[in-house]
Amino acid sequence: MGQSVPRVDARAKVLGKGVFAADLFFPRMLYARVIRSSRPHATLTRIDLDAARKTPGVYAVLTAEDIPGRNEIHVVFNDQPFLAPGRVRYVGEPIAVLAAETPEIAEEAVAKVVVEYEDLPALFDPLKARGHSEIHLFGTNNIYKHLKVRRGNVEEGFARSDIIIENTYRTPYQEHAYLEPQGMVAVPRPNGLMEVYGSMQCPFYVQEGVATVLGLPLSQVRVIQTATGGAFGGKEDVPTLVGVQAAILAQKTGRPVKLIYSRDEDIISMSKRHPGIIRYKSGAKKDGTLQAIEVEYILDSGAYATLSPVVLWRGTVHAGGPYRIPNVKVDSYAVATNKVPAGAFRGFGSPQILFAAESQMDELARALGLDPAEIREKNLLRLNDETITGQKLSFSVGNIEAFHKALDKSNYFEKKKQPKDTRSPIRKGIGLSTVYYGVGLGAGGVHLARTGAYVQILADSSVQFAVGTTEMGQGMATVLTQIVADELGLPVESVYILETDTSRIPDSGPTVASRATTMSGNALKDACAQLRKPLKQAAADLLGLAPDSIRLKDGWAFDAAHSEKRIPMRDVIAECFRRRENMAAAGFFRSPEVSWDDETGQGNAYVTFAYATNVAEVEVDTETGAVRVVRITAAHDVGKAINPQLVTGQIEGGTVQGMGYALTEEIVTKDGVIQNPHFSTYIIPTIKEAPEIDPIIVEAPYPNGPNGAKGFAEQPLMGIAPAIANAVADAVGIRINELPLKPERVWRALRENETKTAL
């Protein structure tokens, strides 16, 4: 525990032996394609499938009329159909699916499908869509969800403030850019069982979706996760659509069906980070003490709600940042438009609002003549403080420690003192952000906050275990293997994790919200605790000791008081088998209780929080507007680093992904059509742009976490954009309130400022 053992899946991936969905082949397998809408909002007046159906090698072409079960994909609401039933609401919406003998025949058949539309007026701007009097995409006001936080009295708070800063911020769509596109293979079994293999975060979501649309009981659907080449939230809810698309064709034809999305199909049709508009008003005393914030947070959710209500909820809870704020008013809206639905993405609604919140902190500091670090330190949440939702922080608050370690390691104050070289076109700047992250699903997803696990010790002293959460590149398999090995006193090399399979483990909720380590780790500890009893009893009998005096560690059972009195674990396990002990156990874990009041936005929103401070150093070319990130120092409170190397890996990966969000990543749409569905036009950072990254691990143990650990994997991205934006403002003296800070946007701001200064 606490050791940087190598990833258990590293060797297979490095050698190209990982089995991904596209690698699967079954006898008589067919290949699927999806027929999609080319209009953002229209009535389907005619769908002509005759030519496609008559194409040799085509075995099935299905529309909404062919669905045996219910035509719905349940996420939070039931507003999204599996196949459009007569009306389309975004470009790329599925209208029909087909299966053919080869991918080429499937492609040929898709081209023969004729779809005729009667266009309807469409909405692309959430500000115009909200409350639109004539076009109703959801309910009567196009609002999927309105959330509130009410704390203290904001009017009195602003009246007591010596300075008030008010700004509007905008953030773009962000594409997940996972290495492996969406893909599923459905295999019908003779007994009526439908097996679905694929790339996903949440197999139990896929199981529910397949059962609903195919009209099967859950017991007739088995879902197995294949090796998953990245997800970042993009394989939380939308793989259900992909799985059902393959499964309904498999059910109709009685043959296995494979469906692998191309990159451009993936980008135009799958979920993304919500674009956001944030109106933020902050008030503070002359010494920097925060008095009040008033926030309006609007998410462009697209054509269906998907996860928007809960994405909005997390953003709302994090609206104030990790600060003491006595008076708070937040109103948040998830709004329907005729664009591709947005969904889960690393940070889950918080990166948008934290960009605004952390920019406001720097603007307050500038107006008050304070250093940005000074105003933050004055207001940072400490032990026994309350968040904006009234949650008292009674334990595991590593906020201050992370803050000081990041400032010290980056030499922040010394660098701030350095004079600016105004003669050079390259201007240097340094900026920081402080953020916190609610661990787990919180009160917004309490009904899913449970997890199962299964552990089996085999006769040769090796161990198999299974969990309901998934490995998608984040390192879960390695961390959980370390936990099982530690609990049973066996070497890591003797423990093996099985692929996630809905037939092995009870519904364990989604693998999201940085919950895999805490939830599955605790469920595994529960299972291992059951197995330790017969192990300790057998060891005690063999050593002539009491069971309570036995310790299990590193392949040995020994006397806690005299460690030289010991016996190999393989002999203990052999003795258990001789006694016919049960060497298998199921574990389970329910998340501690949380609370929430919809009317006031008050309650214990999360079981605990992780904390981080980022310091960004940049160079801005004032002639081109190009921003180069030179260095990021990132300190993260993770509770306990079970595998420090994986923690630093998460920090490094999240930092670069956050850098893309800050500087280059932007999905461009025109009339609802995505204009840049390729990696040649959607620009993500490469290793060439990656800055020097200095990760710092802070450990403020979480009492209910496995060995003190608390999830944090989303947090490394969340504070990068505001830290970079603050560094750019420090470099050139201009605040840019819209992401990304692409060269043309920075250049335009510089020229506008020059014009303004010259007048």
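Presented here is a report on the structure given in the accompanying data block. In this text, all values refer to a predicted model and were calculated from it rather than measured experimentally.

Examining the overall build of the chain
And step 1. The helix and strand tally for the chain stands at 20 helices and 28 strands.
And step 2. Taken against the 2.2 N^0.38 rule, which gives 27 Å for 759 residues, the C-alpha radius of gyration of the chain at 27 Å falls within 12% of a compact globule.
And step 3. On the principal axes, the C-alpha backbone points of the chain span a range of 90 × 80 × 50 Å.
And step 4. Total accessible area on the chain stands at roughly 28,200 Å², and carbon and sulfur atoms take up 50% of it.
And step 5. Computed over 83 positive and 88 negative side-chain charges, the separation of the two mean positions in the chain equals 1 Å.

Structural notes on the side chain of Thr 389
And step 1. Position of Thr 389 among the secondary structure elements: in the loop between α11 (372-379) and α12 (399-410).
And step 2. Since its relative accessible area comes to 1%, Thr 389 is described here as buried.

Let's talk about the sheet that holds strand β10 (residues 194-198)
And step 1. Judged by pairing direction, the sheet is mixed, and its seven strands sit side by side in the order β3-β5-β1-β12-β9-β10-β11 without closing on themselves. Looking along the sheet, the strands with just one partner apiece sit at the ends: β3 (58-62) and β11 (221-225). Adjacent strand axes in the sheet meet at a mean angle of 20 degrees, parallel and antiparallel pairs treated alike.
And step 2. As judged from the five bridges shared by β10 and β11, these two strands associate in the parallel manner. Each bridged residue has a counterpart across the sheet, and for Glu 195 the counterpart in β11 is Arg 222.
And step 3. Against the sheet, helix α7 (residues 239-253) contacts β1 (30-36), β3, β5 (94-100), β9 (183-188), β10 and β12 (257-260), and its axis sits at roughly 30 degrees relative to β9.

A word on the packing of aromatic side chains
And step 1. Enumeration according to the criterion identifies 12 aromatic pairs in this entry.
And step 2. Centroid distance Tyr 412 to Phe 413: 5.1 Å. Interplanar angle 80 degrees. Geometry classified as edge-to-face.
And step 3. Classification of Tyr 412 by relative accessible area gives buried; the value is 0%.
And step 4. Geometrically, the ring pair formed by Tyr 436 and Tyr 611 is tilted, given 6.1 Å between the ring centres and 35 degrees between the ring planes. Taken together, the positions of Tyr 436 in strand β16 (residues 426-438) and Tyr 611 in strand β24 (residues 609-621) put the pair 175 residues apart, joining distant regions of the chain. There is no split in this pair, since Tyr 436 and Tyr 611 are both buried.
And step 5. Taken together through their ring pairs, the aromatic side chains of Trp 313, Tyr 436, Trp 596, Tyr 606, Phe 609 and Tyr 611 make up a single cluster.
And step 6. The cationic tip of Arg 130 hangs over the ring face of Tyr 333; the distance from NZ or CZ to the ring centre is 4.7 Å.
And step 7. Its guanidinium or amino end placed over the ring of Phe 158, Lys 281 lies 4.4 Å from that ring's centre, counting from NZ or CZ.

Brief notes about the nonpolar core
And step 1. Judged by nonpolar contacts, the single largest core of 158 residues is most densely connected at Phe 82, Val 196, Val 210, Ile 248, Leu 249, Val 618 and Ile 724.
And step 2. Ranked by size, the runner-up nonpolar core spans 43 residues in total, among them Val 467, Ile 483, Ala 557 and Met 583.

Digging into the pairing of β9
And step 1. Where burial is concerned, most of β9 is hidden: five out of the six residues are buried.
And step 2. Relative to β12, β9 runs antiparallel, the two being bridged by four bridges. Its bridge partner being in β12, Met 184 is matched across the sheet by Leu 259.
And step 3. Between β9 and β10, which follow one another and run antiparallel, lie five residues, and Gly 192 among them has a positive phi close to 95 degrees.

Here we look at the sheet that holds strand β6 (residues 114-119)
And step 1. Strand order in this open sheet of three strands is β4-β2-β6, and the pairing throughout is antiparallel. Looking at strand neighbours, the two that pair on one side only are β4 (87-88) and β6, the edges of this open sheet.
And step 2. Of the strand pairs in this sheet, strand β2 (residues 42-48) and β6 are connected by six bridges, and their pairing is antiparallel. Pairing of Asp 48 across the sheet is with Val 114, part of β6.

Remarks on the pattern of salt bridges
And step 1. The full count for this structure, using the stated rule, is 51 salt bridges.
And step 2. A salt bridge links Arg 39 to Asp 119, with the nearest nitrogen and oxygen atoms 3.0 Å apart. Here Arg 39 is found in the loop between β1 and β2, whereas its partner Asp 119 is found in strand β6, with 80 residues between them in sequence.
And step 3. Given a relative accessible area of 29%, Arg 39 falls into the partly exposed group.
And step 4. A salt bridge links Asp 637 to Lys 710, with the shortest nitrogen-to-oxygen separation between them at 2.7 Å. Taken together, the residues Asp 637 in strand β25 (residues 627-637) and Lys 710 in the loop between β28 (692-698) and α18 (715-718) connect sequence positions 73 residues apart.
And step 5. Exposure remark for Asp 637: the relative accessible area of 0% places this residue in the buried category.
And step 6. A relative accessible area of 3% places Lys 710 in the buried class.
And step 7. Via salt bridges that share partners, Glu 358, Asp 362, Glu 363, Arg 366, Arg 376 and Arg 735 belong to a single interconnected network.

Reading the values: rules and limits
- Residues numbered from 1 in each chain as written.
- Predicted model: local features only at pLDDT ≥ 70, side-chain atom pairs only at ≥ 80, totals over all residues.
- Heavy atoms only, no water.
- Helix = DSSP H or I, 4+ residues; strand = E, 2+ residues; numbered from the N terminus.
- Rg over C-alpha atoms; globule rule 2.2 N^0.38 Å.
- Areas by Shrake-Rupley, 256 points an atom, 1.4 Å probe, with all protein chains shown as cover.
- Lys, Arg positive; Asp, Glu negative; His and termini not counted.
- Charge placed at Lys NZ, Arg CZ, Asp CG, Glu CD.
- Buried < 20%, exposed > 50% of the residue type's maximum accessible area, 1.4 Å probe, protein only.
- Pairing = 2+ DSSP bridges.
- Axes fitted to C-alpha atoms, helices over the stretch in contact; angles between N-to-C directions.
- Contact = heavy atoms within 4.5 Å.
- Phe/Tyr/Trp six-rings, centres within 6.5 Å; stacked < 30°, edge-to-face > 60°.
- Lys NZ or Arg CZ within 6 Å of the ring centre and 35° of its normal.
- Core = buried A, V, L, I, M, F, W, Y, C linked by side-chain atoms within 4.5 Å.
- Salt bridge = Lys/Arg side-chain N within 4 Å of Asp/Glu carboxyl O.

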